[in-house]
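# Structural description and commentary
Below are the chains, spelled out letter by letter.
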Protein chains: 2
Amino acid sequence: MEYGSKLLEEVVNEIAALPGIGKRTALRLALHLLRQPESRALQLSDALRRFRTEIKRCRICHNISDTDTCAICANPARDHATVCVVEDIRDVMAIENTGQFRGVYHVLGGLISPMEGVSPEQLFIDDLVRRVEEENLREVILALSPTVEGDTTAYYIYKKLKDKPVSLTSIARGIGFGEEIEYADEITLARSIENRVPFDQSLKF
Amino acid sequence: MEYGSKLLEEVVNEIAALPGIGKRTALRLALHLLRQPESRALQLSDALRRFRTEIKRCRICHNISDTDTCAICANPARDHATVCVVEDIRDVMAIENTGQFRGVYHVLGGLISPMEGVSPEQLFIDDLVRRVEEENLREVILALSPTVEGDTTAYYIYKKLKDKPVSLTSIARGIGFGEEIEYADEITLARSIENRVPFDQSLKF
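Not measured: the values here are computed from a predicted model.

## Section: the domain arrangement of chain A
Here the domain parsing of chain A yields domain 1 (6–54) and domain 2 (77–171). Summarising the inter-unit geometry, the C-alpha centres of domain 1 of chain A and domain 2 of chain A are found 35 Å apart.

## Brief notes about the interface of chain B and chain A
At the interface, 52 residues of chain B touch 52 residues of chain A. Both sides of the chain B and chain A interface together cover about 5200 Å² of buried area, and 67% of this is carbon and sulfur. Ranking the residues of chain B by area buried against chain A places L7, F51 and R52 of chain B at the top, with a combined share of 14%. The interface formed by chain B and chain A holds 4 salt bridges in total. R50 of chain B is the partner of E10 of chain A in a salt bridge, and the nearest nitrogen-oxygen pair spans 2.3 Å. Where the side of chain B that touches chain A is concerned, the elements lending two or more residues are α1 (6–16), α2 (23–35), α3 (38–54), β2 (64–65) and α4 (89–98) of chain B. Top element by residues in the side of chain B that touches chain A is α3 of chain B. It accounts for 15 residues. When grouped by side-chain class, the residues that make up the side of chain B that touches chain A number 27 nonpolar, 9 polar and 16 charged.

## Considerations on the relation of the copies chain B and chain A
Superposition of chain B onto chain A requires a rotation of 180 degrees combined with a translation of 0.0 Å along the rotation axis, giving an RMSD of 0.1 Å. Taken together, the rotation and translation describe the operation of a two-fold axis. Within chain B, S45 of chain B has its C-alpha nearest the rotation axis, a separation of 2.2 Å. A symmetric contact is evident, with 100% of the interface residues of chain B recurring at the interface of chain A.

## Quick look at the sheet that holds strand β3 (residues 79–86) of chain A
Residue and element names in this part refer to chain A. Overall, parallel pairing links the 4 strands, which are arranged β4-β3-β5-β6 in an open sheet. In this open sheet, the two strands that pair with only one neighbour each are β4 (103–107) and β6 (167–170). Geometrically, the sheet is characterised by an average inter-axis angle of 25 degrees between neighbouring strands, direction not taken into account. Note that β3 and strand β5 (residues 139–142) share 4 bridges and pair parallel. When the sheet's bridge partners are listed, T82 is paired in β5 with E139.

## Topic: the sheet that holds strand β4 (residues 103–107) of chain B
Residue and element names in this part refer to chain B. Spatial strand order, β4-β3-β5-β6: 4 strands in an open sheet with parallel pairing. One side of each edge strand has no neighbouring strand; the edge strands of this open sheet are β4 and β6 (167–170). Across the sheet, the mean angle from the axis of one strand to that of its neighbour is 25 degrees, orientation sign disregarded. Its contacts with the sheet place α4 against β3 (79–86) and β4, and it is angled at close to 160 degrees to β4. Sheet strands in contact with helix α6 (residues 148–161) are β3, β5 (139–142) and β6, and its direction is about 165 degrees off that of β5.

## Notes on the pattern of salt bridges
For side chains of opposite charge, pairing can occur when their charged atoms come near one another. Residue and element names in this part refer to chain A. If you walk through the whole model with that rule in mind, you get 22 salt bridges over all chains. Between R78 and E96 there is a salt bridge, with the nearest N and O atoms lying 2.8 Å from each other. Placement of the pair is R78 in the loop between β2 (64–65) and β3 and E96 in helix α4 (residues 89–98), with a sequence separation of 18 residues. For the pair R78 and E96, a shared accessibility class is recorded, and that class is buried.

The rules behind each value
- Residues numbered from 1 in each chain as written.
- Chains lettered and ligands numbered in written order.
- Predicted model: local features only at pLDDT ≥ 70, side-chain atom pairs only at ≥ 80, totals over all residues.
- Heavy atoms only, no water.
- Domains from an automatic or database assignment.
- Contact = heavy atoms within 4.5 Å.
- Buried area = accessible area lost by both parts, 1.4 Å probe.
- Salt bridge = Lys/Arg side-chain N within 4 Å of Asp/Glu carboxyl O.
- Helix = DSSP H or I, 4+ residues; strand = E, 2+ residues; numbered from the N terminus.
- Nonpolar A, V, L, I, M, F, W, Y, C, P; charged D, E, K, R; others polar.
- Least-squares fit on C-alpha atoms with pLDDT ≥ 70 in both.
- Pairing = 2+ DSSP bridges.
- Axes fitted to C-alpha atoms, helices over the stretch in contact; angles between N-to-C directions.
- Buried < 20%, exposed > 50% of the residue type's maximum accessible area, 1.4 Å probe, protein only.

Okay, here's the thing in structure tokens:
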């Protein structure tokens, strides 16, 4: 593609380097910004720079934060003895959106993946073990994706924590609410039958 | 959605203000940048700012350009008496990509659209008339989309130029190469029969 402008070519290449955005979409977005007032593009440019340079990781749970300690860890109304372990900050957001969980989090920063060269040392697992030891935690809830990487990571954490005085649980797997049994995958369905619960307990929500 | 960070919320809102990008995609892109080296986000931020603040419009054809006169208008090897009129710079790129056109361009900057409140004065139509008068043009080729707006704009230009000593043409409409007649829309097919050409001429490419 001949852009006729180095500036345009550069911005298209930068936008197209984002995941899921091709050159055509990048061009469309760049030309859209050209039609908008200059302030729009400058706001976007500034927001990107500020976000990337000023955002912090919470020193306790490694969630992203504008301050040294995130709003969740700094909230005295939360149950600081119940820690939910998640892969990344998107999971924190998803769980926070349910409005049901009153504990705090521990963001691992990824999952163990030999395929992608992610070893346990690159994740905040040792830090989780330290929190269990130092913060007198009551329960650690594993909320990791049911993938090979998620299961590997969960098992690794289980081995690290099994002799510690903390209750280790995992979020329930099963048929989702509103999902049809007919269309559920076999593993989910099989596990869901195996891990059946008393009927009166299944009504609680 | 609770982002837990003003910086994240801000960047997500700015990205999601782009056409065709929702909040979820914006969040995914922001978090992607967080995982990348800081330099990546800064390069994107800088490219956006530079593109929007430094890019110019060619003083002759209004194509975007890094300099006062675009590379096409500044090229002495092009035929400066043949001007192809297009809606916007994407059309210039599309035609340049064919590698077939040796003339120059005139970018209108849009199409007349009473629905969207675009009047002829907001487009570079008067400037086209001035070019016809001052630059001793031989041919003006209208390459506008076959929409209501495109046809309206073409007719407006036709009225402005019909008494000038310049040949006014329009790009050919018809069944595209590789297209199947069975699936062509009725108007295209009808026009394509009406505007049939001698067979030996249809073989030229």
